[in-house]
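A look at the structure
Listed below are the residues making up each chain.
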Amino acid sequence: MTQTIILFDVDGVLITPHGYRKACDSTMKVFLDQLGQPHWLPDLLLYEQFESHMITSEWDMIPLLLCAFLEHAANILQPTEPWTNFNYAAADIRSVPNLPHPMDLAGTIDQIGKIVNGQSGTPSGWVLKTKNEDRFPFPMLRNHPVLEYLLNDTRHIENSLTMRVFQEHIIGSKLFEEYYGLQAQHNAVNYLTEYDVCPVTAETKTLLNQKSEAGEIYLSLYTARPSMPPAGIPSNGDGAYSPEAEQALDLIPLSKIYMSAYGKVHWLSQHCDFDSEELLKPSPVQALSAISYHFVDDEVKALMWAQEVYRAYLDGDISEVHTASHLPRSIMLHVFEDSPNGLRGGVQAAEILRFFGIKVNLHLYGISDNPTKQAALRAQGGQVFEDVNEAIQIALS
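Since we're looking at a predicted model, the values are computed, not measured.

1. Section: unusual backbone geometry
Pro-282 follows Lys-281 through a cis peptide bond whose omega is 20°. Among the structural elements, Pro-282 can be located in the loop between helix H13 (276-279) and helix H14 (285-296). You will see that Asp-297, though not glycine, has its phi angle at about 55°, which is positive. Here Asp-297 is to be found in the loop between H14 and helix H15 (299-315). Using a relative accessible area of 60% as the deciding quantity, one classes Asp-297 as exposed.

The structure is reproduced here in C-alpha cells:
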C-alpha cells in the first residue's frame, strides 16, 4: 500500500513571514544608524534573492549585507587604518554622512550565491573561505579584521554581533532574555506573533485535516527555523534553542503534524559526527527524519536513523549497513517549498529511500510570486504556484 507523506516548508508556504522580514529591517536599521547611513536600508526583495541562491538564514543574510555596505564605504573612504571591529568601521563611516547608496547589492548577492552554490553548511563561512581568491565579493575588506568579526561565529549568540540583535527582534525582548539568558537591549515586541500570518484557507485546512485524521496522508513541517529539542529532552539553557518553529505551529491550523526544525537537528549534531548546519536542508536528513517519524513515532529514533543512513550514503555503503524495514515499500512524497534548497533535500531523500528498494513517487511544488525565486524553484524541478492553496488542492485531487 502506498503511503502519502507531505513535507511543508513553513516560511513562504504555510506562513507569510512578515515577522522575519520586519526583523531583518529593524536589525539592519540598528547597524545602519550606527554607521550614520540610515538611507542605505536595503530593499526587502534582496532577502528573496538570497533565498533563490539557497541562502535562507537571516543569520547569514544580515552580516553578508553589512559586509557589502562596509565594502562600499571602504571603496569611497579608502581607510588608512584597519577596521578591527564594527565600532571602528562605524566611527569612520559616520564621520561622512549621506554617503551614496551602494548601486549593485543584487550583483553582490549573486556573487555570494555562486560561492555558496547550494552547499550544506554555513554560507557566511563558505564566503569567508574565499577571502584570498579573485571571486571574493569584498576585496576591500581583506585586510580589515571586521570581516572575520562579522562572518565568524554567525550561529553563536554571544559571539555574533548580528545574531544577537536579530534574535531579540524576532522573538521579542522578553523571550530573548528567557531563552538566551542575556540582557535585552532593544525593548522589542515578538515580531513572529505580531506580524506573521497563515495563508491557508479554511477549505484547505479542512481538506488536510480530514485526510490526516483518516490516515490517508501524513503531515510534517520541514523548516530551518530554530526550535526546541526533540520531545522529552530539556533545552538546558542552550542558546541554540528558540521557539520560533513552535510559534509558527500555533498559527498553522493543522492537527496531527510533525515538525522537523533547527533545534531538532542541533540536538542531533551533538550526538553524531555532523555539524548542525550540515544536517539542515539541502541535506536530506530533515526530510528523512520527518518521513521516518510517522512510522516509528519517536523523534530520537527517527533523527538517529536519518543521520546514520545519510552518513552511510556519503560513505557509499548504505545498502550493506543499514535497513529501512520500518518504512512502507511505496511512498507518495509531496514537498512544498519556497526555496530551492528544500526541494533539493526532498530529491536526495527520495534517492536514498530508493536504495532500500522503496518506490518513491516524488512531487515538488515551488511556492512563490517572486520571478527570481520561481526560476530557481523550476531549476530544481518544482512545479511553481503563487498560491499554496491551489498547489495543495492539485496535489490531493
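After presenting the structure, the write-up continues.
2. Points about helix H12 (residues 262-269)
Here H12 lies mainly inside the structure; eight of its eight residues are buried. Taken residue by residue, H12 has Tyr-262, Gly-263, Lys-264, Val-265, His-266, Trp-267, Leu-268 and Ser-269 as its buried positions.

3. Points about the sheet that holds strand E4 (residues 330-337)
Remark on secondary structure: sheet strands pair via backbone hydrogen bonds, oriented parallel or antiparallel. Read from one edge to the other, the open sheet built from six strands follows the order E3-E2-E1-E4-E5-E6, with strand pairing classed as parallel. Edge strands, defined here as strands with exactly one partner in the open sheet, are strand E3 (257-260) and strand E6 (383-385). Between one strand axis and the next, the sheet turns through 25° on average, direction left out of account. Of the strand pairs in this sheet, strand E1 (residues 2-8) and strand E2 (residues 217-222) are connected by five bridges, and their pairing is parallel. Within E2, the position partnered with Thr-4 by the bridge is Ile-217.

4. Thoughts on the packing of aromatic side chains
Scanning the model with the defined rule gives 15 aromatic pairs in all. When the centroid spacing of 5.6 Å and the interplanar angle of 85° are considered together, the rings of Trp-59 and Tyr-262 count as edge-to-face. Taken together, the residues Trp-59 in helix H3 (residues 58-77) and Tyr-262 in helix H12 connect sequence positions 203 residues apart. Among the aromatic side chains, those forming a connected cluster through ring pairs are Phe-8, Phe-336, Tyr-365 and Phe-385. Above the face of the Tyr-195 ring, Lys-22 is positioned so that its terminal group lies 5.0 Å from the ring centre. Of note, Lys-129 hangs over the ring of Trp-126, and the distance from its end group to the ring centre comes to 4.6 Å.

5. Looking at the pairing of E2
With respect to burial, E2 is a largely interior element, five of its six residues being buried. Relative to E3, E2 runs parallel, the two sharing four bridges. In the strand pairing of E3, Ser-220 is matched with Tyr-258.

6. Let's talk about the side chain of Asp-11
For Asp-11, the location among the structural elements is in the loop between E1 and helix H1 (18-35). We classify Asp-11 as buried; its relative accessible area is 15%. Within polar-contact distance, the side chain of Asp-11 engages the side chain of Arg-225 at 2.6 Å. Those residues in contact with Asp-11 that sit more than four places away from it in its chain are Pro-17, Tyr-20, Arg-225 and Asp-338.

7. A short note on the nonpolar core
The tendency in soluble globular proteins is for nonpolar side chains to be buried side by side. Counting residues in hydrophobic clusters, the biggest one holds 101 residues, and the most contacted among them are Leu-70, Trp-83, Ile-93, Val-127, Phe-138, Trp-305 and Leu-353. The biggest single contributor to this core is H3, with 12 residues. Within the second largest apolar cluster, 28 residues are counted, among which are Phe-8, Ala-245, Leu-254 and Ala-391.

8. Focus on the pattern of salt bridges
A full pass over the atoms with the stated rule returns 17 salt bridges. The partner of Glu-299 in a salt bridge is Lys-264, with the nearest N and O atoms 2.5 Å apart. With a gap of 35 residues between them, Glu-299 in helix H15 and Lys-264 in helix H12 connect regions that are remote in the sequence.

9. With respect to the side chain of Ser-330
Tracing the chain through its elements places Ser-330 in strand E4. For Ser-330, a relative accessible area of 15% puts it in the buried group. For Ser-330, the residues in contact, after removing those within four places along its chain, are Met-1, Thr-2, Gln-3, Ile-358 and Lys-359.

10. Side note on H15
Taking 1.5 Å per residue, 17 residues should reach 24 Å; H15 reaches 24 Å between its end C-alpha atoms and fits that length. Within H15, the full set of buried residues consists of Glu-299, Ala-302, Leu-303, Trp-305, Ala-306, Gln-307, Val-309, Tyr-310, Ala-312 and Tyr-313. Among the residues of H15, the N-terminal cap falls to Asp-298, whose side-chain oxygen and the backbone nitrogen of Val-300 are separated by 3.1 Å. Taken from the residues just after H15, Gly-316 is the one with a positive phi, measuring 85°.

11. Examining a negative patch on the surface
The grouping of Asp-369, Glu-386, Asp-387 and Glu-390 at the surface amounts to a negative patch. Its place among the elements puts Asp-387 in the loop between E6 and helix H19 (388-395). Note on Asp-387: relative accessible area 35%, which makes it partly exposed.

12. Considering the packing of H15 against helix H17 (residues 340-355)
The N-to-C vectors of H15 and H17 enclose an angle of 80°; their axes lie 11 Å apart at closest approach. With respect to H17, the axis of H15 lies roughly perpendicular. From H15, Trp-305, Val-309, Tyr-310 and Tyr-313 reach across to H17, where they touch Gln-348, Glu-351, Ile-352, Leu-353 and Phe-355.

Thresholds, definitions, all that
Residues numbered from 1 in each chain as written. Predicted model: local features only at pLDDT ≥ 70, side-chain atom pairs only at ≥ 80, totals over all residues. Heavy atoms only, no water. Helix = DSSP H or I, 4+ residues; strand = E, 2+ residues; numbered from the N terminus. Buried < 20%, exposed > 50% of the residue type's maximum accessible area, 1.4 Å probe, protein only. Pairing = 2+ DSSP bridges. Axes fitted to C-alpha atoms, helices over the stretch in contact; angles between N-to-C directions. Phe/Tyr/Trp six-rings, centres within 6.5 Å; stacked < 30°, edge-to-face > 60°. Lys NZ or Arg CZ within 6 Å of the ring centre and 35° of its normal. Polar contact = N/O pair within 3.5 Å; in protein donor to acceptor, adjacent residues only side chain to side chain. Contact = heavy atoms within 4.5 Å. Core = buried A, V, L, I, M, F, W, Y, C linked by side-chain atoms within 4.5 Å. Salt bridge = Lys/Arg side-chain N within 4 Å of Asp/Glu carboxyl O. Expected span 1.5 Å × (residues − 1). Patch = residues over 30% accessible without salt bridge, like charges linked within 9 Å, V, L, I, M, F, W, Y side chains within 5 Å. Areas by Shrake-Rupley, 256 points an atom, 1.4 Å probe, with all protein chains shown as cover. Lys, Arg positive; Asp, Glu negative; His and termini not counted. Charge placed at Lys NZ, Arg CZ, Asp CG, Glu CD. Parallel < 35°, antiparallel > 145°, perpendicular 65-115°, else oblique.

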